[in-house]
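Take a look at the letters that make up each chain.
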Amino acid sequence: MCRKPAPGRTLPPRSGAGLLQGNSMHIAEGVLSPAVLGAGAVLAAAGTAIGLRRLDYDRLMTVGILSAAFFVGSLIHVPVGFSSVHLILNGLVGVLLGWAAFPAILVALLLQALLFQFGGLTVLGVNTFTMGFSSVLAWYCYRGIVHIWPGPAGIRAAAFCGGALGVALAAVLTALALAFTSEGFWAAAQLLLLAHLPIMLAEGLITMFTVSFIARVRPEMLRSARRTAASEGILS
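Residues numbered from 1 in each chain as written. Predicted model: local features only at pLDDT ≥ 70, side-chain atom pairs only at ≥ 80, totals over all residues. Heavy atoms only, no water.

(A) Structural detail: the overall build of the protein chain. Within the protein chain, the regular secondary structure consists of 10 helices and 2 strands. Going from N to C terminus, the protein chain has its helices and strands arranged as α-α-α-β-β-α-α-α-α-α-α-α. Split into buried and exposed, the 236 residues of the protein chain put 47% on the buried side. Long-range pairs, those at least 24 residues apart, make up 74% of the contacts in the protein chain with a sequence separation of at least 6. By element, 71% of the accessible surface of the protein chain is carried by carbon and sulfur atoms, the whole surface being about 11500 Å². (Helix = DSSP H or I, 4+ residues; strand = E, 2+ residues; numbered from the N terminus. Buried < 20%, exposed > 50% of the residue type's maximum accessible area, 1.4 Å probe, protein only. Contact = heavy atoms within 4.5 Å. Areas by Shrake-Rupley, 256 points an atom, 1.4 Å probe, with all protein chains shown as cover.)

(B) Quick look at helix α5 (residues 101–116). In this model, α5 (16 residues) spans 21 Å end to end at C-alpha, consistent with the 22 Å of a helix rising 1.5 Å per residue. Of the residues making up α5, those classed as buried are Ala101, Phe102, Pro103, Ala104, Ile105, Ala108, Leu109, Gln112 and Ala113. Contacts made by the buried residues of α5 are with α2 (34–54), α3 (60–73), α4 (90–97) and α6 (124–148). Just past α5, the residue glutamine 117 takes up positive phi, approximately 60 degrees. (Expected span 1.5 Å × (residues − 1).)

(C) Molecular detail of a nonpolar patch on the surface. A contiguous nonpolar patch, built from Val72, Leu75, Ile76, Val107, Leu110, Leu111, Leu114, Leu115, Phe116 and Leu121 and spanning about 860 Å² of accessible area, is present on the exposed surface. Sort the elements by how many residues they give to the nonpolar patch and α5 lands first, with 6 residues. (Patch = residues over 30% accessible without salt bridge, like charges linked within 9 Å, V, L, I, M, F, W, Y side chains within 5 Å. Salt bridge = Lys/Arg side-chain N within 4 Å of Asp/Glu carboxyl O.)

(D) Inspection of the packing of aromatic side chains at higher detail. The final tally for this structure, using the stated rule, is 4 aromatic pairs. Ring centres of tryptophan 99 and phenylalanine 102 lie 6.0 Å apart, and the angle between their planes is 15 degrees; on these two criteria the pair is classed as stacked. You can call tryptophan 99 buried: its relative accessible area is 14%. Given the relative accessible area of 1%, phenylalanine 102 is considered buried. A ring pair is formed by tryptophan 139 and tyrosine 140, whose centres lie 5.0 Å apart and whose planes are at 55 degrees; its orientation type is tilted. On the accessibility criterion, tryptophan 139 (2% relative accessible area) is buried. According to the relative accessible area criterion, tyrosine 140 is partly exposed, its value standing at 29%. (Phe/Tyr/Trp six-rings, centres within 6.5 Å; stacked < 30°, edge-to-face > 60°.)

(E) Representation of unusual backbone geometry within the structure. Although it is not a glycine, leucine 89 adopts a positive phi angle of roughly 65 degrees. Tracing the chain through its elements places leucine 89 in the loop between β2 (83–86) and α4. Owing to a relative accessible area of 11%, leucine 89 belongs among the buried residues under this scheme.

(F) Expanded view of the nonpolar core. Counting residues in hydrophobic clusters, the biggest one holds 35 residues, and the most contacted among them are Phe70, Leu97, Tyr142 and Val211. The biggest single contributor to this core is helix α7 (residues 152–181), with 7 residues. Ile27, Val36, Ala177 and Leu178 belong to the second largest nonpolar core, which has 8 residues in total. (Core = buried A, V, L, I, M, F, W, Y, C linked by side-chain atoms within 4.5 Å.)

(G) Main features of the side chain of asparagine 90. For asparagine 90, the location among the structural elements is in helix α4. Leave out the neighbours within four places in its chain, and asparagine 90 touches Phe70, Ile105, Met131, Ser134, Ser135, Gly166, Val167, Ala170 and Glu203.

(H) Highlighting the environment of arginine 143. Relative to the elements of secondary structure, arginine 143 occurs in helix α6. Exposure remark for arginine 143: the relative accessible area of 2% places this residue in the buried category. C-alpha separation for the pair arginine 143 and glycine 98, spaced 45 residues apart in sequence, amounts to 9.6 Å.

(I) Spotlight on the packing of α3 against α4. Close contact between α3 and α4 brings their axes to 9 Å; oriented N to C, the two are set at 170 degrees. Judged by the inter-axis angle, α3 sits roughly antiparallel to α4. Contact residues: Thr62, Val63, Leu66 and Phe70 in α3; Asn90, Val93, Leu96 and Leu97 in α4. Across the contact of α3 with α4, the residue classes tally to 6 nonpolar, 2 polar and no charged. (Axes fitted to C-alpha atoms, helices over the stretch in contact; angles between N-to-C directions. Parallel < 35°, antiparallel > 145°, perpendicular 65-115°, else oblique. Nonpolar A, V, L, I, M, F, W, Y, C, P; charged D, E, K, R; others polar.)

(J) The arrangement of α2 in detail. The terminal C-alpha atoms of α2 lie 30 Å apart, and with 21 residues this matches the ideal 30 Å at 1.5 Å per residue to within 8%. Burial in α2 covers these residues: Val36, Gly40, Ala44, Gly47, Thr48 and Gly51. Buried positions in α2, seen along its axis, are confined to an arc of 100 degrees and lie on one side of it. Turned more than 90 degrees away from the buried face of α2 sit Pro34, Ala35, Val42 and Arg53, all of them exposed. Buried residues along α2 sit against α5, α6 and α7. (Arc of directions from axis to C-beta.)

Below, the structure is given as structure tokens:
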């Protein structure tokens, strides 16, 4: 039975396990305040619009494959103590797609919400923004390092930083969404950051090996992303 608050009183915040579904970065429905939900929806819509406008439609197959990889990544759980966390792969998606990561992640999160009840429709905007914006920042980080440090070693270092940064920023943004909703969520926000420290390392390595492999067998994928960055004035 649901406990109802007495008149003039509010229920205390839920525990960390109830805020994030499956100990992941999918914020559950009914947790965030309307202001945070509204801001997340607006920012996600803006990011998706930019992503669609800058999307190279010759790369739609690549976008679909990476969206599927992001979707499947949530099903791979890694034990951490008495709990578990899952792969996110938003850094990898961002490194390879740039702003197109927004629509790719939106589609994957929508299917997760509909098929597996991960997150939910009301928090779709917030979850999309936390994952999508961190992916875009990971892409800028990757491009910047490659520009400063060209060559295979620079690509590996940049890919590792991009993969790890994507997870770190997603955890920070999710923690901020909880913290802006209620001060009582600070403990859950701190737990979220600590639980994903090993995932940052794992995804940094996954992104590094993936990008290194692509650089050897399909370098045109990376050149295409580089041309997009140059056209936007990011690289000279």
